[in-house]
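Given next are the chains, with one letter for each unit.
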Amino acid sequence: MLATTEGERPILIVRDAWLLDLGRRPYREVWEWQKSLVDRRADDRIPDGLILVEHEPIATLGRRGKREDVLDPNLEIVEVERGGEATYHGPGQLVGYPILKLPDRLEVKQLVTDLEEVLIRTCRDFGIEATREGPERGVWVGRKKIASIGLAVRRSVTFHGFALNVTTDLREFLKIRPCGHDGGIMTSMAESLGRKFDLEDVKASVIAHFQGVFGFTLRRVDVSELLRERPADPKRHRP
Amino acid sequence: MRYTKDHEWAKLEGKRVRVGITDHAQTELTDVVYVELPAVGKSVKHGEPIGTVESVKAVSEIFAPASGTVVEVNKTLVNQPELVNKDPYGSGWMVVLEASDPKEVSSLMDPAAYRHHIGE
């Protein structure tokens, strides 16, 4: 959060940022959008922003991910540039991709801490006591992991992000070894409280805390608004 | 030794430049768990990404501090990325470039300027 002082009075600077609330969308399509938005953010053609989305079932492998950590041959796999190992995305999971320009590459550690804070506060809103205390970064309820984090930074702009299990079918995690663990390590908000959740309620809480922790005012946009102009660099789509 | 704003060090060894990340960077990033390095022979431009480092679940880029050709990479880091934390200016080096213009390196920050950059 940014704060400055004018005379004796502390002033909170609230910055404008966009929110792309995509509903349910396939992983690969949103991955392509992320990469386009990273370039546009790096070129200062758009401000910072946040993508929120729910994906169709898919396994993704971070830079250290191993194909043998995906146990079910029927699960589609994508190898991506984020940190971390194998994870699963699917219905009932709220996924967030912050597209933020970092003034300094070393701020990435603080960003992970801030994202954990957003998710811990969200869990607290629903009566779930979550912490950072687990074998790796992420958000934990007891010994189980409720949210995973995996980021990448390109041209000083962040992408990829977090995945919070709201009503995720936890049996799906048994098809992979999430971050090299047994799939049984994962939990969800629904499992933690033994009740149903509406993803939209959780989304509203994540949006509120993202604004609070990062000092943003989020304005809803659609993807065409962010990608309206032609890409500046025609080489962008070359492999 | 010279430094970049992205917290890399560059050390001239004749026409060659040895590159790594600074002690301040490894302290801030904490445990480096993965390093990806370029192929030997690759030609790179000043400021271009030449590899990545991963720590705290985040992958970020390493940039070329000068234009030139990659002549050596530290393959030991593939299996022992923790050397970047243990010995950032020694066995944790990442890449050696044959610089096309070694003056590019001399124009980077000197130790005093880098200390100022990181607020020391």
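So, how was this worked out
- Residues numbered from 1 in each chain as written.
- Chains lettered and ligands numbered in written order.
- Predicted model: local features only at pLDDT ≥ 70, side-chain atom pairs only at ≥ 80, totals over all residues.
- Heavy atoms only, no water.
- Contact = heavy atoms within 4.5 Å.
- Buried area = accessible area lost by both parts, 1.4 Å probe.
- Salt bridge = Lys/Arg side-chain N within 4 Å of Asp/Glu carboxyl O.
- Polar contact = N/O pair within 3.5 Å; in protein donor to acceptor, adjacent residues only side chain to side chain.
- Helix = DSSP H or I, 4+ residues; strand = E, 2+ residues; numbered from the N terminus.
- Nonpolar A, V, L, I, M, F, W, Y, C, P; charged D, E, K, R; others polar.
- Pairing = 2+ DSSP bridges.
- Disulfide = S-S within 2.5 Å.
- Buried < 20%, exposed > 50% of the residue type's maximum accessible area, 1.4 Å probe, protein only.
- Expected span 1.5 Å × (residues − 1).
- pLDDT = per-residue confidence, 0-100.
- Core = buried A, V, L, I, M, F, W, Y, C linked by side-chain atoms within 4.5 Å.

1. Looking at the interface of chain A and chain B
Interface size is commonly expressed as the accessible area that is lost once the parts come together. Between chain A and chain B, the contact holds 23 residues from the first and 23 residues from the second. Taking both sides of the interface into account, the surface hidden between chain A and chain B amounts to around 1900 Å²; carbon and sulfur atoms contribute 55%. Of all residues in chain A, Arg63, Arg105 and Leu106 of chain A give up the largest surface area on contact with chain B, accounting jointly for 41% of the area buried on that side. Linking chain A with chain B are 4 salt bridges, by the criterion used here. Glu54 of chain B serves as the salt-bridge partner of Arg64 of chain A, at 3.0 Å between the closest nitrogen and oxygen. Remark: the boundary between chain A and chain B carries 13 residue pairs in polar contact (both at pLDDT 80 or more). Sorting the residues of the side of chain A that touches chain B by element identifies α2 (108-125) and β10 (144-154) of chain A as the ones contributing at least two each. The dominant element in the side of chain A that touches chain B, judged by the number of residues it contributes, is β10 of chain A, at 7 residues. Split into classes, the residues belonging to the side of chain A that touches chain B amount to 8 nonpolar, 3 polar and 12 charged. Pairing geometry for β10 of chain A and strand β7 (residues 58-63) of chain B, over 2 bridges, is parallel. Of the residues in β7 of chain B, the one forming a bridge with Leu151 of chain A is Ala58 of chain B.

2. A word on the environment of Trp18 of chain A
All names here are of chain A. Position of Trp18 relative to the elements: it lies in strand β3 (residues 15-24). Taking the C-alpha atoms as reference, Trp18 lies 7.2 Å from Pro47; in sequence the two are 29 residues apart. In contact with Trp18, not counting residues within four places along its chain, are Leu37, Ile46, Pro47, Asp48, Gly49, Leu50, Ile51, Ile99, Leu218, Arg219, Val221 and Leu226.

3. So, the state of the cysteines
Residue and element names in this part refer to chain A. Counted under the stated rule, the structure contains 0 disulfides over all chains. Cys179 takes part in no disulfide bond, and the closest cysteine sulfur to it belongs to Cys123, at a distance of 17 Å. Residue class for Cys179 comes out buried when judged on its relative accessible area of 13%.

4. Section: the sheet that holds strand β3 (residues 16-21) of chain B
Residue and element names in this part refer to chain B. Strand order in the open sheet formed by 6 strands is β1-β2-β3-β9-β8-β5, and the pairing between neighbours is antiparallel. Either end of the sheet is taken by a strand with one partner, and the two such strands are β1 (2-3) and β5 (43-44). Pairing between strand β2 (residues 8-13) and β3: 6 bridges, direction antiparallel. In the strand pairing of β3, Glu8 is matched with Ile21.

5. Let's talk about helix α4 (residues 199-214) of chain A
All names here are of chain A. When the terminal C-alpha atoms of α4 are compared, their 22 Å separation across 16 residues agrees well with the 22 Å that a helix rising 1.5 Å per residue should span. Turning to α4, its buried residues are Leu199, Val202, Lys203, Ser205, Val206, Ile207, His209, Phe210, Val213 and Phe214. Capping the start of α4 is the job of one residue whose side-chain oxygen sits 2.9 Å from the backbone nitrogen of Glu200: Asp198. Phi for Gly215, located one or two positions after α4, is positive at around 70°.

6. Regarding the pairing of β10 of chain A
Residues and elements named next belong to chain A. Taken across its 11 residues, β10 has 9 buried, putting it largely inside the fold. Sheet topology note: the strand β9 (residues 139-141)/β10 ladder contains 3 bridges and is antiparallel. Across the sheet, the residue bridging to Val141 is Lys144, located in β10. Where β9 folds back on β10, the antiparallel hairpin that results is connected by 2 residues, among which Gly142 adopts a positive phi of roughly 60°. Bridge count for β10 against strand β11 (residues 157-165) is 8 bridges, and the pairing is antiparallel. Looking at β11, one finds that Ala147 is bridged to Leu164. Between β10 and β11, which pair antiparallel in sequence order, lie 2 residues; one of them, Arg155, sits at a positive phi of approximately 50°.

7. A closer look at the confidence of the model for chain B
For chain B, per-residue confidence averages 94 on the pLDDT scale, and residues scoring 70 or more make up 100% of the total. In the model output, the complex is listed with pTM 0.89 alongside ipTM 0.88.

8. Describing the nonpolar core
Residues and elements named next belong to chain A. Core analysis: the biggest nonpolar cluster contains 68 residues, and Leu164, Met189, Val202 and Phe214 have the highest contact counts within it. The element best represented in this core is α2, accounting for 8 residues. Setting aside chain neighbours within four positions, we find Phe214 in contact with Arg15, Leu100, Leu111, Asp114, Leu115 and Val118. With 26 residues, the next largest nonpolar core counts Val30, Ile46, Val80 and Ala163 among its residues.

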